[in-house]
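Understanding the architecture of this molecule
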Amino acid sequence: MYTLTVRDNIMIAHSLPRPAFGPAQGLHGATFVVELSIRALELDENATVMDIGALSGILGSALEELRYRNLDEHPAFEGRLTTTEALAGHIAEDVAARLSQSEGERLVGLSVVLRENPDAWAGYSLDLP
């Protein structure tokens, strides 16, 4: 299995209004390093999983709607908690839709990892059809 990983970052604001989140219940900011990895069983005609610039562009486009936004007011998260795990899932699904339009059936999976700091991160993985 071959993989290609690119990364970007986003700054967001949100709240996690449940007692389990302690001080994070209130509105606060977060900066995430976002890592996107895609998987393929075989390399393409250029001996790559995918062009790095193209994959970076897809990730950037998926993140653009989230950058500098208060996720409490974002329509995609209405009625949902914006935990790191939930945000990773949202980004992964968005990227998967964009990849299916551009890369066809050669890719078999992807993973998104959001790093809140060097000691804590969460992610989401999915298989591509």
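**Topic: the overall build of the chain**
What the chain contains, in helices and strands, is two helices and four strands. Tracing the chain from N to C terminus, the helices and strands come up as β-β-α-α-β-β. Taking 2.2 N^0.38 as the reference for a compact globule, 129 residues should give roughly 14 Å; the C-alpha atoms of the chain span a radius of gyration of 16 Å, in line with that estimate. Overall size of the chain, expressed as C-alpha extent along the three principal axes, is 50 × 30 × 25 Å. Here the chain, with 129 residues, has 41% of them falling under the buried criterion. Taking all contacts inside the chain whose residues are at least 6 apart in sequence as the whole, residues at least 24 apart take part in 67%. A total of about 7,200 Å² of accessible surface is found on the chain, and carbon and sulfur atoms cover 51% of it.

**So, the sheet that holds strand 4 (residues 120-127)**
The strand order across the open sheet built from four strands is 1-2-3-4, with neighbouring strands paired in antiparallel fashion. At either end of the open sheet lies a strand with only one pairing partner, and these are strand 1 (2-14) and strand 4. Strand-to-strand twist of the sheet, defined as the mean angle between neighbouring strand axes without regard to direction, takes the value 20°. Two strands pair when backbone bridges link them, and strand 1 and strand 2 (residues 28-40) are joined in this way by 13 bridges, in the antiparallel orientation. If you follow Ile-10 over to strand 2, its bridge partner there is Phe-32. Helix 1 (residues 52-64) rests against strand 1 and strand 2 of the sheet, and its axis sits at about 25° to strand 1.

**With respect to the side chain of Ser-37**
In this structure, Ser-37 sits in strand 2. One polar contact links Ser-37 to Thr-5, side chain to side chain, over a distance of 2.5 Å.

**Regarding the nonpolar core**
The biggest cluster of nonpolar side chains holds 33 residues, and the ones touching the most others in it are Ile-38, Ile-91 and Leu-110. Elements with a minimum of two residues in this core: strand 1, strand 2, helix 1, helix 2 (84-102) and strand 3 (107-117). When residues in this core are grouped by element, the largest group, seven residues, is from helix 2. When neighbours within four sequence positions are excluded, Leu-110 is seen to be in contact with Leu-36, Ser-37, Ile-38, Arg-39, Ala-92, Val-95, Ala-96, Leu-99, Tyr-124, Ser-125, Leu-126 and Leu-128.

**Quick notes on the pattern of salt bridges**
Tallied over the full model, the rule gives five salt bridges. Between Glu-35 and Arg-115 there is a salt bridge, and its shortest N-O distance comes to 2.8 Å. Highlighted residues: Glu-35 in strand 2 and Arg-115 in strand 3, separated in sequence by 80 residues. Assessed through its relative accessible area of 16%, Glu-35 is described here as buried. Among the residues examined, Arg-115 registers a relative accessible area of 27% and is labelled partly exposed. Residues joined by salt bridges that share partners form a network here, namely Asp-8, Glu-64 and Arg-67.

**Some remarks on the pairing of strand 3**
Alignment of strand 2 against strand 3, held across eight bridges, turns out to be antiparallel. The partner of Ala-40 across the bridge, within strand 3, is Leu-107. Between strand 3 and strand 4, which pair antiparallel and follow one another directly, the connecting turn spans two residues.

About the cut-offs
Residues numbered from 1 in each chain as written. Predicted model: local features only at pLDDT ≥ 70, side-chain atom pairs only at ≥ 80, totals over all residues. Heavy atoms only, no water. Helix = DSSP H or I, 4+ residues; strand = E, 2+ residues; numbered from the N terminus. Rg over C-alpha atoms; globule rule 2.2 N^0.38 Å. Buried < 20%, exposed > 50% of the residue type's maximum accessible area, 1.4 Å probe, protein only. Contact = heavy atoms within 4.5 Å. Areas by Shrake-Rupley, 256 points an atom, 1.4 Å probe, with all protein chains shown as cover. Pairing = 2+ DSSP bridges. Axes fitted to C-alpha atoms, helices over the stretch in contact; angles between N-to-C directions. Polar contact = N/O pair within 3.5 Å; in protein donor to acceptor, adjacent residues only side chain to side chain. Core = buried A, V, L, I, M, F, W, Y, C linked by side-chain atoms within 4.5 Å. Salt bridge = Lys/Arg side-chain N within 4 Å of Asp/Glu carboxyl O.

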